[in-house]
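What follows is the residue order along each chain.
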Amino acid sequence: MADAAQWISGARLRTLPLALAPVLIGTGAAIGSLGGFTAFILDDISGKDDHVSFGQILLRGFLALLVSLCLQIGSNYANDYSDGIRGTDDERVGPVRLTATGLAEPHEVKRAAFIFFGLAGVAGIVLILISQAWWFLIVGAAAVAAAWFYTGGKRPYGYMGLGEVFVFVFFGLVATLGTMWMQVGHLTLSGWAGAVAIGSLASAVLMVNNLRDIPTDIEAGKITLAVRMGDNAARIAYAVLVLLPFALLALAILDGHPAVALAILALVPALNPLKTVLSGTTGPGLIPPIKSTGLTGLAFSALMGLGLAL
């Protein structure tokens, strides 16, 4: 019987910073598209009420954050369940695997996944009711399906080398642009730049995770993108995914948000994991870069979001 600490470990908290990241950028882009913090302050002073209020932005951002966090945790438990019953996790290194280790019954882990999917759904429906963007019901259903079928179902796309693609789409484009659209009803070049940037960093986290697991994934028949590319190419791909977001800052600057240059500071936490991965480190030695890359994504998104909102 798994205790509370083991359930928390099974939720893989190191992945949560990248659930927060798209909401930070999407919210920053939304505020920036309305003129930034200064415009809100001036409107409050003058009594204008011609666009969504700052309080509404914060409420919608909070609900978007709940959706993102619950989807991420649900996806982690779903991955634990599906990989566990397939035997893929039998020889894993890293965080505790509840199903594979027998700490929890498979149906318990599956139930935990769907509880969090349900919580994401509730928060998402409230957000849709507020924004009246009913077509996001389809987007939400697609996001839950993507979370489940990563390793679930008869033909999981995570076993076909498509994991990074779906992470880029749903934890980058959909999460960031969805947050912005729900708040202000339109998108900007800066919002797109931020979405691609955080999608790239989220994919980098999965890439280094799968790089670590290449030997065990090959044995289990799990053909991830890292397995398809091979060790050396996967390391280069990781470096590209980490560095690309910093180049994308130029688009936001050209779009009228020079303060996003603050996000260059996120290169500091990125350097050590880049050095570790490119040095050829394997196995458990690649666990710290997973966490560090996630923290890099969080730092980048916080600074870029702030820069967009100024």
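Residues numbered from 1 in each chain as written. Predicted model: local features only at pLDDT ≥ 70, side-chain atom pairs only at ≥ 80, totals over all residues. Heavy atoms only, no water.

Applied cut-off: UniProt positions are given in the numbering used here, feature names are shortened, and annotations may be inferred rather than shown by experiment.
With an unreviewed UniProt entry as reference, the chain is termed 1,4-dihydroxy-2-naphthoate octaprenyltransferase, source organism Brevibacterium iodinum ATCC 49514. Quoted verbatim from the Catalytic activity (unreviewed entry) field of the UniProt record, the comment on the chain reads "an all-trans-polyprenyl diphosphate + 1,4-dihydroxy-2-naphthoate + H(+) = a 2-demethylmenaquinol + CO2 + diphosphate". In its Pathway (unreviewed entry) section, UniProt records this for the chain: "Quinol/quinone metabolism; menaquinone biosynthesis; menaquinol from 1,4-dihydroxy-2-naphthoate: step 1/2."

1. Let's talk about the overall build of the chain
Here is the rule: In this text, helices come from DSSP runs of H or I with a minimum length of four residues, and strands from runs of E with a minimum of two, each type numbered from the N-terminal end. Each residue is assigned to one of three classes by its accessible area relative to the maximum for its type, calculated with a 1.4 Å probe on protein chains only: buried under 20%, partly exposed between the two thresholds, exposed over 50%.
A count of helices and strands for the chain gives 14 helices and zero strands. Listed N to C, the secondary structure of the chain is α-α-α-α-α-α-α-α-α-α-α-α-α-α in terms of helices and strands. Projecting the C-alpha coordinates of the chain onto the three principal axes gives extents of approximately 65 × 40 × 30 Å. Scored against the burial criterion, the 310 residues of the chain give a buried share of 53%.

2. Observations concerning the side chain of D80
Quick note on the threshold: N or O atoms within 3.5 Å of each other form a polar contact, as long as, within protein, one can give a hydrogen and the other can take it, and as long as residues adjacent in sequence are counted only when both atoms are side-chain atoms.
Position of D80 among the secondary structure elements: in helix α4 (residues 54–86). From its side chain, D80 meets the backbone nitrogen of L98 in a polar contact 2.8 Å long.

3. Concerning the UniProt feature "transmembrane region" (unreviewed entry) in the chain
Residues given the UniProt feature "transmembrane region" (unreviewed entry) here are residues 18–42, 54–74, 112–130, 136–153, 165–184, 190–211, 232–253 and 290–309. Counted over residues 112–130, helix gives 100% and strand 0%. Its end C-alpha atoms are 28 Å apart. Counting secondary structure, residues 290–309 comes out at 100% helix and 0% strand; the distance between its end C-alpha atoms is 29 Å.

4. Observations regarding the pattern of salt bridges
Counted only if it meets this: Take a side-chain nitrogen of Lys or Arg and a carboxyl oxygen of Asp or Glu: if they are within 4 Å of each other, that pair is a salt bridge.
Counted by the stated rule, this structure contains three salt bridges. Its salt-bridge partner being D231, residue R235 comes within 2.6 Å of it at the nearest N-O pair. You can see R235 and its partner D231 sitting in helix α12 (residues 231–254), four residues apart, about one turn around the helix.

5. Things to note about the environment of D83
By secondary structure assignment, the location of D83 is in helix α4. The exposure class assigned to D83 is buried, which follows from its relative accessible area of 1%. C-alpha of D83 to C-alpha of G191: the two residues are 108 residues apart in sequence and 35 Å apart in space. Of note is the side chain of D83, whose polar atom sits 2.4 Å from the side chain of Y159.

6. Focus: the layout of surface pockets
Here is the rule: We place a 1 Å grid over just the protein atoms. Points where a 1.4 Å probe fits but has no way out form a cavity, open points with protein on both sides within 12 Å along at least 5 of 7 lines form a pocket, and any residue with an atom within 4 Å of a point lines it. Grid points are joined across faces, edges and corners, and a volume is the space filled by probe spheres set on the points. For this classification, the nonpolar set comprises Ala, Val, Leu, Ile, Met, Phe, Trp, Tyr, Cys and Pro, the charged set comprises Asp, Glu, Lys and Arg, and every other residue, Gly included, is treated as polar.
Computed from the structure, the second largest pocket encloses a volume of approximately 200 Å³. Forming the walls of the second largest pocket are 16 residues, and the residues nearest its centre are V23, L24, T27, G28 and I31. Contributing elements (two or more residues each) for the lining of the second largest pocket: α2 (17–33), α4 and α14 (287–309). The residue inventory of the lining of the second largest pocket, partitioned by class, reads eleven nonpolar, five polar and no charged.

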